[in-house]
Every structure is written in C-alpha cells, then in structure tokens.
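Observations on the three-dimensional arrangement
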Amino acid sequence: MRTACIELAKYGITVNAVMPGNILTEGLDGMSEDYQRSMAARSCRKASRR
C-alpha cells in the first residue's frame, strides 16, 4: 500500500487501506502452536506481535 500512496500522490489521490492480517495478542496466547502457524500461513504477511 505504501507504494500505491507514493505513486498516486502526484495525482492528488490518497490511499486508505486496511490490510487483513493477524495480531498476536493475549487472547491468542492460549491457542496451540499449530493454530498459530496455520493462521500465519494464511496471511500474506507474517503475524506480528504488538
């Protein structure tokens, strides 16, 4: 998305986007490692911890 912002700014176009993904929070700490790996594998970005 950052590239889109940079490329389109010269035309006066702004980009607002929400990238789907997962944030590992305390709520997911109790989930199994297998679940967390499968969750990360489905994401285009790796899950990130805050």
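Note: the structure precedes this text.
Here goes a summary of the coordinates provided. (Residues numbered from 1 in each chain as written. Predicted model: local features only at pLDDT ≥ 70, side-chain atom pairs only at ≥ 80, totals over all residues. Heavy atoms only, no water.)

**A closer look at the overall build of the protein chain**
Selection rule: The numbering of helices and of strands both runs from the N terminus, where a helix is a DSSP run of H or I of at least 4 residues and a strand a run of E of at least 2. Surface exposure here means Shrake-Rupley accessible area, sampled with a 1.4 Å probe, where a residue is shielded only by the protein chains that are shown.
Per the secondary structure count, the protein chain includes 3 helices and 2 strands. Tracing the protein chain from N to C terminus, the helices and strands come up as α-β-α-α-β. Summing over all exposed atoms, the protein chain offers an accessible surface of approximately 4400 Å²; the carbon and sulfur share of this is 55%.

**Concerning the pattern of salt bridges**
Condition: In the sections that follow, a salt bridge refers to a side-chain nitrogen of Lys or Arg positioned within 4 Å of a carboxyl oxygen of Asp or Glu. With a 1.4 Å probe rolled over the protein chains alone, any residue whose accessible area is under 20% of its type maximum counts as buried; one over 50% counts as exposed, and the rest are partly exposed.
Evaluated as defined, the whole model comprises 1 salt bridge. Residue Asp34 is joined to Arg37 by a salt bridge in which the shortest nitrogen-to-oxygen separation is 2.6 Å. Taken together, the residues Asp34 and Arg37, both in helix H3 (residues 33-42) and 3 residues apart, mark about one turn of the helix. Pair check on accessibility: Asp34 and Arg37 agree, each one exposed.

**Considering the environment of Met39**
Here is the rule: In this analysis, two residues are considered to be in contact whenever any of their non-hydrogen atoms come within 4.5 Å of each other.
With respect to the helices, strands and loops of the structure, Met39 is situated in helix H3. Residue Met39 is classed as buried on the basis of its relative accessible area of 4%. Here the alpha-carbon distance between Met39 and Asn22, two residues 17 residues apart in the chain, equals 7.6 Å. Look past the residues within four positions of Met39 in its chain and what remains in contact with it is Asn22, Leu24 and Leu28.

**Topic: the environment of Ile23**
Summarising the element assignment, Ile23 is placed in strand S1 (residues 23-24). On the accessibility criterion, Ile23 (45% relative accessible area) is partly exposed. Considering only alpha carbons, one finds Ile23 and Ala40, 17 residues apart in sequence, at a separation of 9.7 Å.

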